[in-house]
Amino acid sequence: MQNSYDLNWDLKLNISTESVDYSEEDLQNYGYDPTPYVVLERLIGLKILKKDDVIVDYGCGKGRISFFINSQIGCRVIGIDHSEKLLEEADKNLKSYGNCEDVIFIRSRAEDYKPDGANRFYFFNPFSTRIFSEVLKRIEESFKRNPREILIFFYYSTIEYKLYLPTEPRLELVESLYFSEEEINNQVSAKLDIFRLI
């Protein structure tokens, strides 16, 4: 759903991430819908993201999170997506953003990607809980090889995730940010949950 606030942020960053894309959606991998900038601003306002963090955005689509967080924090952001089509859009955005060594995009199935070195992970319903469980296993394996504080951000949980996340013993809820329908220009309210890997 387009709104002028998000369009203005896209213009400031010299990118185009606003339009949704469900053309490659299937039962396991969900379509592209960008996180509203107001959500990302609130996340930045928590001051839990630092310049030396490495953030992985699973299901990055056109790269909105990568560009915004990099522009605000200056940290390294890695966008992972299985869609060649969406990553072509992300690469176009990278060129117009100004090729930056700290923003990279990788075409990979999420469950195959090894997130070594990353310590912050962002999800906006990119895929099923079955895939998420495999991704979490990869994150946990990486943690065992290199212990560090790991935070996982999960925006706009579907019913599937609302039932799954509270039962996941590897995750501890740290904080939740709530957003009204008006704030996110949507028909329903939403929240961003922050978990710690334990």
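These notes cover the structure that comes with them. (Residues numbered from 1 in each chain as written. Predicted model: local features only at pLDDT ≥ 70, side-chain atom pairs only at ≥ 80, totals over all residues. Heavy atoms only, no water.)

### Describing the overall build of the chain
The secondary structure content of the chain amounts to seven helices and seven strands. Relative to the compact-globule value of 16 Å for 198 residues, the chain shows a C-alpha radius of gyration of 16 Å, a close match. For the chain, the spread of C-alpha atoms along the principal axes amounts to about 40 × 35 × 35 Å. Counting all 198 residues of the chain, 52% fall into the buried class. As displayed, the chain has an accessible area near 9500 Å², and 51% of this comes from carbon and sulfur atoms. (Helix = DSSP H or I, 4+ residues; strand = E, 2+ residues; numbered from the N terminus. Rg over C-alpha atoms; globule rule 2.2 N^0.38 Å. Buried < 20%, exposed > 50% of the residue type's maximum accessible area, 1.4 Å probe, protein only. Areas by Shrake-Rupley, 256 points an atom, 1.4 Å probe, with all protein chains shown as cover.)

### Structural notes on the pairing of strand β5 (residues 151-155)
For β5, the tally of buried residues reaches five of five residues, placing the bulk of the element in the interior. The alternating pattern of β5 places Leu151, Phe153 and Tyr155 and Ile152 and Phe154 on opposite faces, both of which are buried. For strand β4 (residues 120-123) and β5, the ladder comprises four bridges, and the chain directions are parallel. Residue pairing in the sheet places Arg120 in a bridge with Leu151 of β5. Chirality of the crossover, the property in question, places the unit of β4, helix α5 (residues 129-145) and β5 among those that are right-handed. Pairing analysis gives five bridges linking β5 to strand β7 (residues 190-197), with the strands arranged antiparallel. (Pairing = 2+ DSSP bridges. Right-handed = clockwise from strand over helix to strand, strands pointing away.)

### Things to note about the sheet that holds strand β2 (residues 76-81)
Taken together, seven strands build an open sheet; the order of strands is β3-β2-β1-β4-β5-β7-β6 and the sheet is mixed. Each edge of the open sheet carries a strand with a single partner, namely β3 (103-107) and β6 (171-179). The sheet shows a mean angle of 20° between the axes of neighbouring strands, taken without regard to direction. Note: strand β1 (residues 54-58) against β4, four bridges, orientation parallel. Across the sheet, residue Val56 finds its bridge partner in β4, namely Phe121. (Axes fitted to C-alpha atoms, helices over the stretch in contact; angles between N-to-C directions.)

### Let's talk about the packing of aromatic side chains
Inspection of the entire model under this criterion finds 20 aromatic pairs. Geometrically, the ring pair formed by Tyr58 and Phe121 is stacked, given 6.2 Å between the ring centres and 20° between the ring planes. Of this pair, Tyr58 sits in strand β1 while Phe121 sits in strand β4, and the two are 63 residues apart along the sequence. The exposure class assigned to Phe121 is buried, which follows from its relative accessible area of 0%. Relative to Phe132, the ring of Phe123 lies with its centre 5.0 Å away and its plane at 80°, an arrangement referred to as edge-to-face. When its relative accessible area of 0% is taken as the criterion, Phe123 is described as buried. Here the aromatic cluster, defined as three or more aromatic residues joined through ring pairs, consists of Tyr58, Tyr113, Phe121, Phe123, Phe127, Phe132, Phe154, Tyr161 and Tyr164. For Lys12, the ring lying beneath its charged end belongs to Trp9, and the centroid distance is 4.5 Å. (Phe/Tyr/Trp six-rings, centres within 6.5 Å; stacked < 30°, edge-to-face > 60°. Lys NZ or Arg CZ within 6 Å of the ring centre and 35° of its normal.)

Honestly, it's all geometry; don't read function into it.
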